[in-house]
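Residue strings, one per chain:
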Amino acid sequence: MVIFVQLRHSILIVASLLLLPFCTSAMGVSQPVLANPDGTGAALRHAAFPEPLQAYAPVAGGLLELLKARVVAAPFNLVASGIFLLAILHTFACGFFSRQAHKFEQRHQAKLRSRAPQDGRWPERIEEVSFGGTLWHFLGEVEVVFGLWVIALAAAATYFYSWLDFKNYVSEDCRFTEPLFVVVVMALAASRPVLRVAEQVLALAAGIGRGSPAAWWLSVLMLAPVLGSFITEPAAMTIAALLLAKRFFPLKPSPRLAYATLGLLFVNISVGGTLTSFAAPPVLMVAGGWGWDTRFMLLHFGWKALLGVGLSGLCYYGCFRKELRRLGAVPQLPAGAAAPSASWAQRETPIPGWVTAVHLVFLAWTVYAAHYPVLCVGGFLFFIAFMTATRHHQNTVALRGPILVGFFLAGLVIHGGCQGWWIEPIIMSLRDQALMLGASVLTAFNDNAAITYLAAQAGGISATAKYAVVAGAVAGGGLTVIANAPNPAGQSLLARFFQYGISPLGLLLGALPATVIVYLCLMLLPSGQTVEHAPVAAERQLPPALLPPQSGLAPTGKAVDTSDHVCAEVEKGS
């Protein structure tokens, strides 16, 4: 009966989602306007902001003059970016807010202890809550920051434009497909059967080191990120973070090793998804428009990413091998086993193979339907029904963390959509090597998918610049919690092992060495060659890594783009 009710609810909700577009059309909405004022663009926008990049008049002079002109044309630009900057600074202050919350809670508990015993008539009563402590704790939640500052952005948009424009911007112009997908895939990847399969696979590698903490540390940080190329980066981040939370962080590593582990995880996840064209958000933003398929990604990014992940993991291990050995001095169980626990969630009872298989099918379906919210949510509802039917093999689905991460990403989408006015001209004004470095730096202050998306909108960008901006974006994806979409998932799952939460500065310092290693791999190593587009490396002035084989030099020295597979000048030169 319970399953019937669950399935009935799932079908009703999916049907409602399918009918939603028709209902919206029937109710009537504001008419969209062309993103390009001249009518040449196909993209539509429903709000009066942000101004389409094509709407700004050309400006003579340098980058500073261009930015000034765009602020004069649309003063809201400066205000929106100022609010975004304040939100970023807020993330750095989260540790302070958490400490204040702890102080309020201590004073509140002391006050409660000094009172007379409470009436015992209601043993299930809720203990009196400290409003001040809860408020400070709310301000200290990193996942809440950008959503909180959306309130300020709404006020500014209403002042400069109208409340209707802000509603249309949030409901029509912003796309929340990725936050929704992350919520669903986090819940799926954290399920007991999926996590058990991942643990068993990584146990094979950890078994080489006899299941020591160092062996688990290496296997999770070097192998789990590569899974991101096939099950998507958010799922790989969830699995890796949960395994670190189970196998490594309970051993209480030093803060230095803890932040190094977190930084290495974020960096490796960011580059580990580049073996395919569909798993890493910054790659997905450009793959279709630029014609980058999985073969292209494997030849030009994937093998370099594998080398970068391996080198960074070994370098970090070399730096912390003594402490990792001390952590391993505690008697360990064989690989694949776990310490006995009275906790139901930590039980090691076997899971039927068919239950695990169904979970993997749901995970595969979610990855397939990642960009179709109705299918993604519909599959998740059926997944919940299946969990109810097999609940004796399951653990409780913890939705608080995934929902907070989705809220974080949704806020980032809203703020990030108003930052193109300054990001796009910076991208277009830099040469290839400077562009790669600039993309890495900009990624620390915005989602790397937003950086590559804006680059994809720029017309006339060369093949070498395309490589540079994507390489820089994925290399810098571990520097901050906002740099890559899966990072908030890792932050949510591992923050409890850091006193007063994860420090942004600590994360930056922990990720910086790994960022440099993968950056150099992507910049210095030559790209793979294809039969159609064999590069003439000897005639190039830039490092081979910045020159994918889809670009070439004619014998005259003129740079040409051969991405259309037919280039008259290349054929002439050959």
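Note that the coordinates shown come from a computational prediction; the quantities given were computed from them, not determined experimentally.

**Student:** Just checking my understanding: could you explain the overall build of the protein chain for this structure?
**Tutor:** Looking only at helices and strands, the protein chain features 24 helices and four strands. Looking at the protein chain as a whole, 50% of its 574 residues qualify as buried. Pairs at least 24 residues apart make up 76% of the contacts formed inside the protein chain by residues separated by at least 6 positions. Of the accessible surface of the protein chain, which amounts to about 27,100 Å², a share of 67% is contributed by carbon and sulfur atoms.

**Student:** How should the state of the cysteines be read in this particular structure?
**Tutor:** Should the sulfur atoms of two cysteines be covalently bonded, the bond is a disulfide. Tallied over the full model, the rule gives zero disulfides. Unpaired in terms of disulfides, Cys 521 finds its nearest cysteine sulfur in Cys 315, a separation of 9.4 Å.

**Student:** What should I look at first to understand the environment of Val 226 in this one?
**Tutor:** Its location among the elements puts Val 226 in helix α10 (residues 213-231). For the pair Val 226 and Gly 272, spaced 46 residues apart in sequence, the C-alpha separation works out to 4.7 Å.

**Student:** What's the story with the packing of aromatic side chains in this structure? I'm lost.
**Tutor:** Taken as a whole, this structure holds 26 aromatic pairs when the rule is applied. Geometrically, the ring pair formed by Phe 249 and Phe 497 is stacked, given 5.2 Å between the ring centres and 25° between the ring planes. Here the residue Phe 249 occupies a position in the loop between α11 (233-247) and α12 (255-272), and Phe 497 occupies one in the loop between α22 (487-494) and α23 (504-524), the gap between them amounting to 248 residues. Owing to a relative accessible area of 26%, Phe 497 belongs among the partly exposed residues under this scheme. Relative to Phe 498, the ring of Phe 249 has its centre 5.8 Å away and its plane inclined at 55°; by these criteria the two rings are tilted. Here Phe 249 is found in the loop between α11 and α12, whereas its partner Phe 498 is found in the loop between α22 and α23, with 249 residues between them in sequence. The same class applies to Phe 249 and to Phe 498, which are both buried. Chaining the aromatic ring pairs together yields one cluster made of Phe 49, Phe 76, Tyr 159, Phe 160, Tyr 161 and Tyr 169.

**Student:** Would you mind showing me how to read the pattern of salt bridges here?
**Tutor:** Pairing between side chains of opposite charge can happen when the charged atoms of each approach one another. The tally for this structure, following the rule as stated, stands at four salt bridges. The partner of Glu 424 in a salt bridge is Arg 70, and the shortest N-O contact between them spans 3.5 Å. Of this pair, Glu 424 sits in helix α18 (residues 420-429) while Arg 70 sits in helix α2 (residues 63-73), and the two are 354 residues apart along the sequence. Arg 70 shares its class with Glu 424; the two are buried. Salt-bridge contacts for Lys 246 lead to Glu 199; the nearest nitrogen and oxygen are separated by 3.1 Å. Placement of Lys 246 in helix α11 and of Glu 199 in helix α9 (residues 192-206) is noted, with a sequence separation of 47 residues between them. Exposure remark for Lys 246: the relative accessible area of 28% places this residue in the partly exposed category.

**Student:** What should I look at first to understand the nonpolar core in this one?
**Tutor:** Membership of the largest hydrophobic core comes to 120 residues, with the highest contact counts inside it found for Leu 265, Trp 292, Phe 301 and Val 470. Top contributing element to this core by residue count: α12, with 11 residues. Judged by nonpolar contacts, the second largest core, of 15 residues, contains Ala 80, Ala 156, Tyr 169 and Cys 174.

**Student:** Quick question: what am I supposed to make of the packing of α10 against α11 here?
**Tutor:** Between two packed helices, both the angle of their axes relative to each other and the distance between the axes serve to describe the pair. Taken N-terminus to C-terminus, the directions of α10 and α11 make an angle of 160°; their axes are 7 Å apart at the nearest point. Classified by the angle their axes make, α10 and α11 are roughly antiparallel. Like other packed secondary-structure pairs, α10 and α11 cross with a definite hand, here right-handed. Residues Trp 216, Val 220, Leu 221, Ala 224, Leu 227, Gly 228 and Ile 231 of α10 pack against Glu 233, Ala 235, Ala 236, Ile 239, Ala 240, Leu 243, Leu 244 and Arg 247 of α11.

**Student:** Explanation requested: the packing of α12 against α22 in the structure shown.
**Tutor:** It is the contact of α12 with α22, at a shortest axis distance of 10 Å, that shows an interaxial angle of 150°. Here α22 runs roughly antiparallel to α12, going by the angle between their axes. The handedness of the crossing between α12 and α22 is right-handed. Between α12 and α22, the contacting residues are Leu 262, Leu 265 and Phe 266 on the first element and Asn 487, Gly 490, Gln 491 and Leu 494 on the second. Class assignment of the residues belonging to the contact of α12 with α22 gives a composition of four nonpolar, three polar and no charged.

**Student:** It is not clear to me how a positive patch on the surface should be interpreted in this structure. Could you clarify?
**Tutor:** On the surface, Arg 321, Lys 322, Arg 325 and Arg 326 cluster together into a patch of positive charge. Looking at the element boundaries, Arg 321 is found in helix α14 (residues 294-327).

**Student:** It is not clear to me how unusual backbone geometry should be interpreted in this structure. Could you clarify?
**Tutor:** Residues other than glycine predominantly adopt negative phi, and peptide bonds predominantly adopt the trans conformation. For the bond running from Phe 49 to Pro 50, omega is -10°, close enough to zero to count as cis. Within the secondary structure layout, Pro 50 lies in the loop between β2 (44-45) and α2. Non-glycine residue Thr 232 carries a positive phi angle of around 80°. Since its relative accessible area comes to 3%, Thr 232 is described here as buried. In the Ramachandran plot, Lys 252 falls in the positive-phi region, its phi being about 60° despite a non-glycine side chain. Structurally, Lys 252 can be placed in the loop between α11 and α12. When its relative accessible area of 71% is taken as the criterion, Lys 252 is described as exposed.

**Student:** Looking at this structure, how should I read the environment of Phe 230?
**Tutor:** Mapping Phe 230 onto the fold places it in helix α10. Once the C-alpha coordinates of Phe 230 and Val 367 are considered, the two residues, 137 residues apart in sequence, prove to be 8.8 Å apart. Not counting residues up to four positions away in its chain, the partners in contact with Phe 230 are Thr 276, Phe 278, Ala 279 and Val 367.

**Student:** Would you take a moment to explain the side chain of Thr 276 for this structure?
**Tutor:** Structurally, Thr 276 is set in the loop between α12 and α13 (281-290). With a relative accessible area of 4%, Thr 276 lands in the buried category. Within polar-contact distance, the side chain of Thr 276 engages the backbone oxygen of Ser 229 at 2.6 Å. Here Thr 276 is in contact with Ser 229, Phe 230, Val 283, Thr 294 and Met 297, once residues within four sequence places are set aside.

Cut-offs and rules
Residues numbered from 1 in each chain as written. Predicted model: local features only at pLDDT ≥ 70, side-chain atom pairs only at ≥ 80, totals over all residues. Heavy atoms only, no water. Helix = DSSP H or I, 4+ residues; strand = E, 2+ residues; numbered from the N terminus. Buried < 20%, exposed > 50% of the residue type's maximum accessible area, 1.4 Å probe, protein only. Contact = heavy atoms within 4.5 Å. Areas by Shrake-Rupley, 256 points an atom, 1.4 Å probe, with all protein chains shown as cover. Disulfide = S-S within 2.5 Å. Phe/Tyr/Trp six-rings, centres within 6.5 Å; stacked < 30°, edge-to-face > 60°. Salt bridge = Lys/Arg side-chain N within 4 Å of Asp/Glu carboxyl O. Core = buried A, V, L, I, M, F, W, Y, C linked by side-chain atoms within 4.5 Å. Axes fitted to C-alpha atoms, helices over the stretch in contact; angles between N-to-C directions. Parallel < 35°, antiparallel > 145°, perpendicular 65-115°, else oblique. Left-handed = near helix turned anticlockwise from the far one by under 90°. Nonpolar A, V, L, I, M, F, W, Y, C, P; charged D, E, K, R; others polar. Patch = residues over 30% accessible without salt bridge, like charges linked within 9 Å, V, L, I, M, F, W, Y side chains within 5 Å. Lys, Arg positive; Asp, Glu negative; His and termini not counted. Charge placed at Lys NZ, Arg CZ, Asp CG, Glu CD. Polar contact = N/O pair within 3.5 Å; in protein donor to acceptor, adjacent residues only side chain to side chain.

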